[in-house]
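# Survey of secondary and tertiary structure
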Amino acid sequence: MEDCRIYLDNAATTPLSKTVLDAMMPYLTTHFGNPSAIYSYGREAKLAVENARKAVAKILNTQPSEIFFTVGGTESANTAITGAVRDLGCKRIITSAIEHHATLRTVQRLQQTGEAVVNYVQLLPDGHIDLNDLEKLLAESEAKTLIALMHANNEIGNLLDIRTVGELCKKYHAIFYCDTVQTIGRFPLDLKEIFVHFISASAHKFHGPKGAGMLYINENIGIKPFINGGAQERNMRAGTENVAGIVGFAKALQITADNCEQNSRSIQELKMYLYHRLKNEIPNIGFNGDVEGQSLYALLNVSFPKTDKTEMLLYNLDIHHICASSGSACSSGVNQASHVLEAVYPNHNRVAIRFSFSEENTKEEIDIVVEKIKELI
Ligand code: PLP
C-alpha cells in the first residue's frame, strides 16, 4: 500500500536511503565477522570499518586517525565534553541555553559534581550567539575553558559562525566542541580550515541508520575513553563495532556530501516557498530564528498565536497524515515547553511548529500542508 503521509520532521530523523541499506546489507548477513577477530571474517569486517573511516576523513579533509565511531550525537557530546573537563583540564565551560540536551545535560552534570564552572553566553534577539559576549567571557578568566556551541540549532535553525568562534578559541587558548549533528554533509566542512577540537555527527540525520555516529577528535589533543572495555577504536571507544552502521554512516555521508550543492538549493527553495506562502496567507503568523539570514536551509520554525485551534494543530496535522514537530525530537508529541524558545523568546506565549525538509520533499507537499494549516486554524 502506498504511504500517503507527508514527512516534514527530517531534523528529528530521516528515512534510510536504499543505497545506504544496500551498502550495509552484506555486513548484516554474509560479512558478519567481529572486526577484532584475526580470521578472514574478522579481517573483512575490520577492512570495512577502516575504509569507512578513511571515507569520512576525506570528506572532512582530516586524518582517519581523528575519526572515532560512536552510537550517535549524544554519546559523542558526552565523550567530548567530559573528556575536555577531565582530561584536558578545562575547569570552565562556556555554552548557551539553546544547545541540544546532549550538551546541556552533560554540562549541568559536570557543574553539579563541581568539576567545572559553567557560563552561558548571551543570545541576540534573533537567537544568534552574541559573539561580543563570548569574547568578553573568554577574556575575563585565565581558567582553561571549553566552548560548547552547536553549528546549527535543531529547533530554530540558526547557524553559528563556526570559523569566527574557532578563531576566538585559538586566540584565548580554549578547547572548542561544536555539535555538527544538523549540518555535517549538508554544509562543506573543511577541518583543516576551521579551528575546532571536537565535532559530532549522527547518521540517521542524513539518511543513514540510527545508532551510528561519529566523534572527530583533533590530533593535537588526547582524551581518555568515555566507554571502557575492549581496545576497539584504537582504545577510544570500547565495544564491538556496529560494522553495518559504520558502513552505513560513511555511505550516507558520502551521498549527502556529493549532492550537497544541488540539494541545498532545492531544499532552500522549498523552505522559502513555505515561508512566503505562510507569511502572505496567514494573519499574525511569525517565524522563530533568523529565517532570512544565517539559517539551516532544511528547517523552518513557525510561530502561531495561541488559540484552541493552533494548540491542537500538530495533532490535527498528524490526523491528516502530515508529520511535523514542536521542536526537538525528545519533546515532539509531548506538550513540553521548548528550552530553546523559552531562552530566545521569554514569555512568548505562542505555538511553535518546526517543519524540516529533505531532498525527498516536493512543492506539491508544501501546497497540501499550507492548505491544511489554513483549514485547521
Ligand atoms: N545534537 C543535535 C543538534 C541533534 O539534533 C541531535 C538529535 O536530535 C543530537 C545532538 C543527538 O543525536 P542522537 O539522538 O542521534 O544521539
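Residues numbered from 1 in each chain as written. Predicted model: local features only at pLDDT ≥ 70, side-chain atom pairs only at ≥ 80, totals over all residues. Heavy atoms only, no water.

### As for the site of the ligand
Definition in use: For this description, a residue counts as near a given molecule or strand if any of its non-hydrogen atoms is within 4 Å of it. What qualifies as a polar contact is a pair of N or O atoms within 3.5 Å, subject to a donor-acceptor requirement within protein and to the restriction that residues adjacent in sequence count only when both atoms come from side chains. Areas reported here follow the Shrake-Rupley algorithm with a probe of radius 1.4 Å; residue values treat only the protein chains shown as occluding. Residue type decides the class: Asp, Glu, Lys and Arg count as charged, Ala, Val, Leu, Ile, Met, Phe, Trp, Tyr, Cys and Pro as nonpolar, and the leftover types, Gly among them, as polar.
Around the ligand, a shell composed of Gly72, Gly73, Thr74, His100, Met150, Asn154, Asp179, Val181, Gln182, Ser202, His204 and Lys205 is seen. Gly73 has a polar backbone atom sitting 3.3 Å from an oxygen atom of the ligand. Ser202 is positioned with one of its side-chain polar atoms (N or O) 2.5 Å from an oxygen atom of the ligand. For the ligand, whose unbound accessible area comes to 390 Å², protein coverage reaches 86%. For the shell around the ligand, the residue count by class is two nonpolar, eight polar and two charged.

### Description of the pattern of salt bridges
Pairing between side chains of opposite charge can happen when the charged atoms of each approach one another. Where we set the bar: We define a salt bridge as a side-chain nitrogen of Lys or Arg found within 4 Å of a carboxyl oxygen belonging to Asp or Glu. Per the convention used, a helix needs a DSSP run of H or I reaching at least four residues, while a strand needs a run of E reaching at least two, with both numbered from the N terminus. The cut-offs for exposure are 20% and 50% of the maximum accessible area for each residue type, with area from a 1.4 Å probe on protein chains only; residues under the lower value are buried, those over the upper are exposed, and the others partly exposed.
Throughout the structure, instances matching the rule amount to 20 salt bridges. Note that Lys18 and Asp22 form a salt bridge whose closest N and O atoms lie 2.8 Å from each other. One end of the pair, Lys18, and the other, Asp22, are both in helix 1 (residues 18-28), four residues apart, so they sit about a helical turn from each other. By relative accessible area, Lys18 is classed as exposed at 57%. Residue class for Asp22 comes out partly exposed when judged on its relative accessible area of 41%.

### Some details on the packing of aromatic side chains
As a reminder, the rule being used: Paired rings are identified among Phe, Tyr and Trp, the last through its six-membered ring, by centres lying within 6.5 Å, and are further divided according to the angle between planes into stacked (under 30 degrees), edge-to-face (over 60) and tilted (the rest). The rule is short: NZ of Lys or CZ of Arg within 6 Å of the ring centre and within 35 degrees of the ring normal puts a charge over the ring.
As enumerated under the stated definition, the model contains five aromatic pairs in all. Note on Phe69 and Phe249: the rings are 5.9 Å apart at their centroids and 70 degrees apart in plane angle, and the pair reads as edge-to-face. Taken together, the residues span a long stretch of sequence, with Phe69 in strand 2 (residues 67-70) and Phe249 in helix 8 (residues 243-258) at a distance of 180 residues. Side by side, Phe69 and Phe249 carry an identical accessibility label, which is buried. Seen in terms of ring centroids, Phe187 and Tyr297 are 5.2 Å apart; in terms of plane orientation they differ by 45 degrees. Their pairing is tilted. Separated by 110 residues along the polypeptide, Phe187 in the loop between strand 6 (175-179) and strand 7 (198-202) and Tyr297 in the loop between strand 9 (286-288) and strand 10 (299-305) bring together distant segments of the chain. A connected cluster of aromatic rings, assembled from ring pairs, spans Phe69, Phe206 and Phe249. Geometry around Tyr273 places Lys363 over its ring, the cationic atom sitting 4.7 Å from the centre.

### Examining unusual backbone geometry
For Asn235, which is not a glycine, the phi torsion comes out positive at approximately 70 degrees. Among the secondary structure elements, Asn235 is positioned in helix 7 (residues 232-235). The phi torsion at His321 lies on the positive side, around 65 degrees, for a residue other than glycine. Relative to the helices and strands, His321 resides in the loop between helix 11 (313-319) and strand 11 (322-323).

### Overview of the pairing of strand 3 (residues 92-95)
The line we're drawing: Pairing between strands requires that DSSP locate at least two bridges from one strand to the other. The handedness rule is simple: strands pointing away from the viewer, and a clockwise path from the first strand over the helix to the second, make the crossover right-handed.
Alternating residues of strand 3 divide into Arg92 and Ile94 and Ile93 and Thr95, and every residue in both groups is buried. Relative to strand 4 (residues 117-120), strand 3 runs parallel, the two being bridged by four bridges. Residue pairing across strands places Arg92 opposite Val117, the latter belonging to strand 4. In this fold, the crossover linking strand 3 to strand 4 by way of helix 4 (residues 101-112) has right-handed handedness. Where strand 3 lies against strand 5 (residues 145-150), four bridges are found, and the strand directions are parallel. Residue pairing in the sheet places Ile94 in a bridge with Ile147 of strand 5.

### Structural notes on helix 9 (residues 260-281)
For clarity, the cut-off: Expected span, for any helix, means 1.5 Å times one less than how many residues it has. Every residue pair with non-hydrogen atoms within 4.5 Å of one another is taken to be in contact.
With 22 residues, helix 9 ought to run about 32 Å at 1.5 Å a step, and its terminal C-alpha atoms sit 31 Å apart, in line with that. Burial in helix 9 covers these residues: Cys260, Asn263, Ser264, Ile267, Leu270, Lys271, Met272, Leu274, Tyr275, Arg277 and Leu278. In this structure, the buried side of helix 9 is in contact with helix 8, strand 9, strand 10, strand 12 (350-356) and helix 13 (363-376).

### What about the nonpolar core?
Heads up, the rule is: Nonpolar core, defined: a set of buried Ala, Val, Leu, Ile, Met, Phe, Trp, Tyr and Cys residues in which side-chain atoms within 4.5 Å join the residues together.
Core analysis: the biggest nonpolar cluster contains 48 residues, and Ile147, Ile199, Met214 and Phe249 have the highest contact counts within it. Counting residues per element, this core draws most heavily on helix 8, which supplies eight residues. Contacts of Ile147, omitting those with residues within four sequence positions, involve Ile94, Leu134, Leu138, Val165, Cys169, Ala174, Ile175, Phe176 and Tyr177. Counting 37 residues, the second largest nonpolar core, distinct from the first, contains Leu8, Leu314, Ile366 and Ile373.

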